[in-house]
Amino acid sequence: MTPAAATVTSTDIDQLCINTIRTLSMDAVQQAKSGHPGTPMALAPLVYTIWNRIMRFDPQDPIWPNRDRFVLSNGHASMLLWSVLHLTRTQAVNAEYERVGHPSVTLDDIRRFRQLGSKAPGHPEYHLVSGVEATTGPLGQGIATSVGMAIAEKWLANRYNRPGFPVFDYRVYAIAGDGCLMEGIGSEAASIAGHLGLDNLCWVYDNNRITIEGHTNITFSEDVAMRFLAYGWHVLRVSDANDTERIEHALNRAHSNTGSPTLIVLDSHIGYGSPHKHDTPEAHGEPLGEEEVRLTKRAYGWPEDAKFLVPDGVYQRFAEGIGKRGADSNGEWTQLFEVYRAQYPELAAEIDQMQRRELPSGWDRNLPVFPADQKGMAGRDASGKVLNVLAQNIPWFLGGSADLGPSNRTLLTYEGAGDFEANSPGGKNLHFGIREHSMGAILNGLSLSKLRPYGGTFFIFSDYERPVIRLSAMMELPTLFVFTHDAMGDGEDGPTHQPVEHLASLRAIPGLVTLRPGDANEVVEAYRYIMQLRHQPAVLVLSRQPLPTLDRTKYAPAAGLARGAYVLADAPGVSPEVILIATGSEVSVAVDAHEELLAAGIASRVVSMPSWDIFEHQTQEYRDSVLPPNIAARVAIEEASTFGWERYTGVKGRVIGMTTFGASAPLKELQRKFGFEPERVTAVAKQLLGRG
Ligand SMILES: Cc1ncc(C[n+]2csc(CCOP(=O)(O)OP(=O)(O)O)c2C)c(N)n1
Ligand SMILES: [Mg+2]
């Protein structure tokens, strides 16, 4: 099939592989009539060099723990990834981390690029395609996530490596386009990566000077190299994206550099080889067109009419390159790990458990039980105590805050917890600085590396993290987002600091578990629930101010939280006339109202509903037992947007919530102004029953 296949030199065969990536990409986009051909055409030599000459990645075992990571942050160029995953014959694994015996991406998937059910979707999707290390597409996310992977490697190496046993020494490669480096999250991530001196991290910047609207001279005139030098990065430049020798040289220099991450600025030409689309924005996001595809293939010396052609020798070249190198290094590692296991059985067991997202035995020992207390405890304080217990029980549970640790109570204060810094990579307190967006992406990167991370900030700033929360749900990662100051608890700070629509917005994210516990014991149960999640992220929404710790001998046990909503209190001996449904700080308001209603001879029920998401996954029978369909008199109470509560109150019920922003005033006054007081709840309940 190939032009003179019998006599090809190694340079020829390399070029053949590169052109295979290019033409597969062009053909796939053309066939799909949508996609991004130009960047794969330009970056095929780079991706070929990283994969076939540099990376230690075993296509037979794409989840080998010590593999090098490759993140395509310019996710629109996904055909690069589908091409190499196919050409390396990377194998598929399932969500239980088992090999399933077929390739991750077939040629047929590529023929069906962007079609329903194809393993070559529009953008890289971690949960869908084995060999994809992170879901990318929202620009900047991939590079920020790669920082989390690099932090993870440093932490893992520090904890598990022993003299003669470099169990973790992998490297992280990410490719970024102009968009990734224009996005704020890219800057945040670069800043912290430079600060932490992550020398296991290498980004390659595709400096093609083209984005959708045209040449970057209309938007992007800064000196990127200087910017990264200022961040403390090691910066290299390769001025010809077709020069695989120089690319390889630069990657090797990145490898040998110590004390700082490396940025390789790679000058490239989008749509390389296309006579009419080369260096144009049109090459970015539309098919080249049948005729242009033909002309481009001619320019590559490719058979013009061949489609989805993988010439003889190409699979073999990948097998001899990454295939052999990956299998050898995985094999050596596996041998090394067996000796390590004999010598350090406990550490090896931890690594095994971590890889399967299991928890060590005894992970929940010493979790606190809080005694009834009317003055009570703030959600954040209970959380701080639980975090400190869990982090001691689970070695690979770690986290931090975006500079609000003392306020979020996310600091691990026990002896030896330590701070993660360049010179102390074993610390379990991560300091993200005031960089919420990249904090979230870093948490996802840590999760992708099988650590169990949490990150804190004020709930209002979940807005700054929403894109990464969404991606963690899409990737099915057990990342934990801890948010404190959940409502109007920091009253005087005013409406800029008072979340309103945030709960509704997070509850709308598919697969995300959102939890707003009502007292200290519900906080404990929330953690117990969250820690057992293996493929779902969780958002924990906690109060700043003390909440009464309910008397669980009088009211139902907090363990009911595990069902999302539970009957906390009922009128003794009679079926309820009215149901009060509340979350978080409003649970105790509902309980007080309930006591008033009982005293007035009204049979009320209190339902604590810390999580809509969990409740929705219970049986209909259970849900009906908590919210009996025949009881229409229902009042929901939540210091947040009323949006969505109708699903539980029904058309005849009432919602005491927020329909405006808050205000700057002491909390008590705000509660009065906006009606979050037992008297108001009682009045609304009576009105509903016509006894007002
Ligand atoms: C956060 C975000 N904003 C906008 C987009 C839409 N978008 C996709 S690609 C692109 C242009 C990217 O330009 P560049 O990164 O230079 O990629 P190139 O065209 O050079 O491959 C844009 C705006 C996106 N994917 N993510
Ligand atoms: Mg560009």
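Computed from a prediction, not measured in an experiment: that's the story for all the values here. (Residues numbered from 1 in each chain as written. Chains lettered and ligands numbered in written order. Predicted model: local features only at pLDDT ≥ 70, side-chain atom pairs only at ≥ 80, totals over all residues. Heavy atoms only, no water.)

Chemist: Can you break down the environment of G657 residue by residue, with the values?
Modeler: Relative to the assigned elements, G657 resides in strand β22 (residues 654–658). In this structure the C-alpha to C-alpha distance between G657 and F674, which are 17 residues apart in sequence, comes to 7.8 Å. Every residue in contact with G657, bar those within four places of it in the chain, is listed here: E638, A640, T642 and F676. (Helix = DSSP H or I, 4+ residues; strand = E, 2+ residues; numbered from the N terminus. Contact = heavy atoms within 4.5 Å.)

Chemist: Summarise the environment of T413; cite the residues concerned and give the values.
Modeler: Along the chain, T413 turns up in the loop between α15 (405–408) and β12 (429–431). Residue class for T413 comes out exposed when judged on its relative accessible area of 64%. (Buried < 20%, exposed > 50% of the residue type's maximum accessible area, 1.4 Å probe, protein only.)

Chemist: Break down helix α13 (residues 345–355) for me, citing the residues and quoting the values.
Modeler: All of the buried residues along α13 are L347, A348, E350, I351, Q353, M354 and Q355. Summarising the contacts, the buried residues of α13 are in contact with α5 (141–160) and α12 (314–343). Phi turns positive, to about 55°, at R357, one or two residues after α13.

Chemist: I'd love a proper account of the sheet that holds strand β20 (residues 604–608), names of residues and values included.
Modeler: Spatially, five strands are ordered β18-β20-β19-β21-β22 in an open sheet, and the strand pairing comes out mixed. The open sheet has two edge strands with one neighbour each: β18 (566–569) and β22. The average undirected angle you get between the axes of adjacent strands in this sheet is 25°. Summarising the sheet, strand β19 (residues 578–582) and strand β21 (residues 634–641) pair through four bridges and their orientation is parallel. Note that in β21 the partner of I581 across the bridge is A636. Running at roughly 150° to β22, helix α25 (residues 678–688) makes contact with β19, β21 and β22 of the sheet. (Pairing = 2+ DSSP bridges. Axes fitted to C-alpha atoms, helices over the stretch in contact; angles between N-to-C directions.)

Chemist: So what's going on with the sheet that holds strand β16 (residues 538–541)? Residues and values would help.
Modeler: What the six strands build is an open sheet, ordered β12-β11-β13-β14-β16-β15; its pairing is parallel. The sheet is open, and its two edges are formed by β12 and β15 (513–515), each paired on a single side. The mean angle between the axes of side-by-side strands here comes to 20°, regardless of whether they run parallel or antiparallel. As paired strands, strand β11 (residues 397–401) and β12 are joined by three bridges and run parallel to one another. When the bridges of β12 are listed, G400 appears paired with L430.

Chemist: Give me the lowdown on the site of ligand 1, citing residues and values where you can.
Modeler: The environment of ligand 1 is made up of 15 residues, and the closest members are T39, H76, G179, N208 and H284. Here an oxygen atom of ligand 1 sits 3.0 Å away from a polar atom, N or O, in the side chain of D178. Contact distances for ligand 1 include 2.5 Å between an oxygen atom and a side-chain N or O atom of N208. Summarising the interface, the protein chains cover 74% of the accessible area of ligand 1, which totals 590 Å² for the free molecule. Looking at the shell around ligand 1, the elements that each hand over two or more residues are α6 (178–182) and β6 (210–211). (Near = heavy atom within 4 Å. Polar contact = N/O pair within 3.5 Å; in protein donor to acceptor, adjacent residues only side chain to side chain. Areas by Shrake-Rupley, 256 points an atom, 1.4 Å probe, with all protein chains shown as cover.)

Chemist: Give a description of the pattern of salt bridges that names residues and reports values.
Modeler: Under the counting rule described, the total for this entry stands at 37 salt bridges. Between R227 and E222 there is a salt bridge, with the nearest N and O atoms lying 2.2 Å from each other. Taking relative accessible area as the criterion, E222 reaches 41% and is therefore assigned partly exposed. Of the charged contacts, one joins K307 and E290 as a salt bridge, the two residues approaching to 3.8 Å between their closest N and O atoms. Separated by 17 residues along the polypeptide, K307 in the loop between α11 (290–300) and α12 and E290 in helix α11 bring together distant segments of the chain. In this structure E290 comes out as partly exposed when scored by relative accessible area, which is 42%. (Salt bridge = Lys/Arg side-chain N within 4 Å of Asp/Glu carboxyl O.)

Chemist: Lay out the packing of aromatic side chains in plain terms, naming residues and giving numbers.
Modeler: Going through the model one piece at a time under the given rule, you end up with 24 aromatic pairs. Aromatic side chains W51 and F70 sit 5.5 Å apart centroid to centroid with 75° between the ring planes, which places their arrangement in the edge-to-face category. Remark: F70 occurs in strand β1 (residues 69–72) and W51 occurs in helix α2 (residues 38–54); sequence separation between them is 19 residues. For W51, a relative accessible area of 1% gives the class buried. According to the relative accessible area criterion, F70 is buried, its value standing at 2%. Look at W203 and F228: their rings are 6.0 Å apart centre to centre, the planes differ by 70°, and that puts the pair in the edge-to-face class. With a gap of 25 residues between them, W203 in strand β5 (residues 201–207) and F228 in helix α8 (residues 224–231) connect regions that are remote in the sequence. Among the aromatic residues, those joined into a cluster by ring pairs are W64, F165, W333, F337, Y340 and Y344. (Phe/Tyr/Trp six-rings, centres within 6.5 Å; stacked < 30°, edge-to-face > 60°.)

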